[in-house]
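Structure at a glance
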Amino acid sequence: MKFRNVLGIDFGGSGIKGAPVDTKEGVLLAERYRIPTPNPANPENVIQVIKKIANSFKWDGPIGIAFPAVVQNGIVKTASNIDQSWIGMNAAKMVRQATGLPALVVNDADAAGMAEMKFGAGKGMNGLVLLVTVGTGIGTVLFSQGKLVPNSELGHIYLPSGREAEEFASDATRKKENLEWNEWGQRFNVYLKEMERLFWPELIIIGGGVSKKKQLFINELDLHTKLTIASAKNEAGIIGAALAARANRKSLKPY
Ligand code: BGC
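Below, the structure is looked at part by part. (Residues numbered from 1 in each chain as written. Predicted model: local features only at pLDDT ≥ 70, side-chain atom pairs only at ≥ 80, totals over all residues. Heavy atoms only, no water.)

Observations regarding the overall build of the protein
Inclusion rule: Here a strand is any run of E in DSSP of at least two residues, a helix any run of H or I of at least four, and the numbering for each starts at the N terminus. Only the C-alpha atoms count toward the radius of gyration. The rule for a globule is 2.2 Å times the residue count to the power 0.38. Type-normalised accessible area, obtained with a 1.4 Å probe on protein chains alone, sets the label of each residue: buried when under 20%, exposed when over 50%, and partly exposed for intermediate values. Residue contacts follow a heavy-atom distance rule, with two residues in contact if any of their heavy atoms lie within 4.5 Å. In these tables, accessible area is a Shrake-Rupley quantity obtained with a 1.4 Å probe, and a residue counts as shielded only by the protein chains included in the view. We score Asp and Glu as negative and Lys and Arg as positive, and we do not count His or the chain ends. In plain terms, the charge of a residue is placed at NZ if it is Lys, CZ if Arg, CG if Asp and CD if Glu.
Counting its secondary structure elements, the protein contains 8 helices and 13 strands. Relative to its length of 255 residues, the protein is compact, with a C-alpha radius of gyration of 17 Å against a globular reference of 18 Å. Considered along the principal axes of its C-alpha atoms, the protein spans approximately 50 × 40 × 30 Å. Counting only residues that meet the buried cut, the protein has 54% of its 255 residues in that class. If you take every contact in the protein between residues at least 6 apart in sequence, the share linking residues at least 24 apart comes to 61%. Of the roughly 11500 Å² of accessible surface on the protein, a fraction of 48% belongs to carbon and sulfur atoms. Separation between the mean location of the 31 positive side-chain charges and that of the 24 negative ones in the protein comes to 9 Å.

Comments concerning the packing of aromatic side chains
Any aromatic ring pair is given by two values, namely how distant the centres are and how the planes are angled relative to each other. Basically, it comes down to this: Geometry of aromatic contacts follows a simple scheme: Phe, Tyr and Trp rings, the Trp one being its six-membered ring, pair when their centres are within 6.5 Å, and the pair is stacked under 30 degrees between planes, edge-to-face over 60, tilted otherwise.
If you walk through the whole model with that rule in mind, you get 9 aromatic pairs. Considering the side-chain rings of Phe11 and Trp86, the 6.3 Å spacing of their centres and the 50° angle between planes classify their relative orientation as tilted. You can see Phe11 sitting in strand β1 (residues 5-11) and its partner Trp86 sitting in the loop between β7 (75-76) and α2 (91-99), a full 75 residues away along the chain. Side by side, Phe11 and Trp86 carry an identical accessibility label, which is buried. Ring geometry for Trp181 and Phe217: centres 6.1 Å apart, planes at 25°, overall stacked. One end of the pair, Trp181, is in helix α6 (residues 181-199); the other, Phe217, is in helix α7 (residues 214-217), and 36 residues separate them in sequence. As far as burial versus exposure is concerned, Trp181 and Phe217 are alike and both buried. Three or more aromatic residues link up through ring pairs in this structure, and these residues are Trp181, Trp184, Phe188, Tyr191 and Phe217.

Re a positive patch on the surface
The criterion, for reference: Patch membership requires over 30% relative accessible area and the absence of a salt bridge. Like charges are linked within 9 Å, and nonpolar side chains (Val, Leu, Ile, Met, Phe, Trp, Tyr) within 5 Å. Salt bridges are identified by distance alone: a Lys or Arg side-chain nitrogen within 4 Å of an Asp or Glu carboxyl oxygen.
A contiguous patch of positive charge on the surface is contributed by Lys24, Lys118, Arg249 and Lys250. Within the secondary structure, Lys118 sits in helix α3 (residues 108-119).

So, the site of the ligand
Put simply, the rule is: Proximity is defined per residue: any heavy atom of the residue falling within 4 Å of a molecule or strand makes that residue near it. In protein, a polar contact requires one atom able to donate a hydrogen and another able to accept it; more generally it is a pair of N or O atoms within 3.5 Å, and residues adjacent in sequence count only if both atoms are side-chain atoms. Note on residue classes: Ala, Val, Leu, Ile, Met, Phe, Trp, Tyr, Cys and Pro are nonpolar, Asp, Glu, Lys and Arg are charged, and everything else, Gly too, is polar. Where each domain starts and ends follows an automatic or database-derived domain assignment.
In the neighbourhood of the ligand, 13 residues make up the surrounding shell, with Ser80, Asp108, Glu153, His156 and Glu166 lying closest. Residue Asn107 places a side-chain N or O atom 3.0 Å away from an oxygen atom belonging to the ligand. In this structure, Glu166 approaches the ligand through a side-chain N or O atom, which is 2.6 Å from an oxygen atom. Considering the ligand on its own, with 310 Å² of exposed area, one finds that the protein chains cover 94% of that surface. Its residues assigned to classes, the shell around the ligand shows 4 nonpolar, 6 polar and 3 charged. Counting only domains with at least three residues in the shell around the ligand, you end up with domain 1 (5-110 + 237-251) and domain 2 (123-230).

What about the side chain of Asp108?
For Asp108, the location among the structural elements is in helix α3. The buried charged residue Asp108 lacks any salt bridge, with Lys17 as its nearest oppositely charged partner at 8.2 Å. In contact with Asp108, not counting residues within four places along its chain, are Asp10, Ala66, Phe67 and Pro68.

As for the nonpolar core
Rules: Only buried Ala, Val, Leu, Ile, Met, Phe, Trp, Tyr and Cys residues count toward a nonpolar core, and they belong to the same one when joined by side-chain atoms within 4.5 Å.
If you look at the biggest cluster of nonpolar residues, it comprises 29 residues, and the most contacted ones within it are Leu104, Val129, Ile205 and Ile239. Of all the elements in the fold, those that place two or more residues in this core are β2 (15-22), β8 (103-107), α3, β9 (129-134), β10 (138-144), β12 (203-207) and α8 (236-247). Among the elements that take part in this core, α8 stands out by supplying 8 residues, more than any other. When residues of this core are assigned to domains, at least three fall in each of domain 1 (5-110 + 237-251) and domain 2 (123-230). Among all residues touching Ile239, those that are not within four sequence positions of it are Val21, Gly26, Leu28, Ala115 and Ala232. Ile9, Ile47, Ile63 and Ala69 belong to the second-largest nonpolar core, a separate cluster that totals 28 residues.

Rendered as C-alpha cells:
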C-alpha cells in the first residue's frame, strides 16, 4: 500500500472534516468534506461519519484521525468534549473494523503541531514551540528540538482566578457567553500569559477555528513571546492526522 497520500480526518466539536492529503507536500488533494458532529458524539455515530467521509472519497488507503482527547496507542483516555463512552475505546481498531483500512488515531493538537512543524509556522524551529489550538476546547502541543511531547493537556490548567482555562477562554465559551471578540481576546491573553510564565516558549502558534479570525483579537494579546498563526489555519488537524499515520506506517495494519 502506498503511503504518500493519506486520508486525514479531524474530529472537532462542531464538525468532522476530512480530505486526502499529500504527506510529502503537506497539502489537501481535494476540497475537504465536512459533516456536522453527531449528537451524541458517541463511538457508534462518529465511526459512521468517518466511514461516510472515507466513502465520499472512495478511499482505499490509510487513514489518520485527529481526536479531541488524549489518545495512547489508539485508545481514547479522556472525553472533555466528546461522549464519555469513548473512554477506554480503541478508536483506531474501530475505524479499521468499520472501513477495512489501516488507521491511526492521534490527539488533535498533536496532529496540528506536526503539520505546523513540518510545513508551516514552526518549520525549522529548534527551541521550545507551543501550539495552542482553540475551538470547542483548548488543545496544546509542545515541541523541543523539533520533538513532540505527546498528549499535553494544558488547556485544562487552572488560572489564578480559579477558572479552568478551557472553560474560561475556549471559542465555545466565547459563543456561549456572547463575548465580543475583544473581550474574548483579553481572556485568551490571560491564558497565554500564564503559558508564557510557566514554559517560556520561543514561539507560540495559534491554531483551530479562531486562527481564521486573527484580526478580531490579535490587538488584545500582549505577550513577550513571538506569536504567529498556524499556516494551515483550521486545516492543520487534517494534514497532521495524515502525517501521523504516515509516520507510523510500519505499525499500521488493515483490520
Ligand atoms: C481536550 C484535548 C484536545 C482539546 C482540543 C480538550 O478539551 O482535552 O485533548 O486537544 O480539547 O480539541
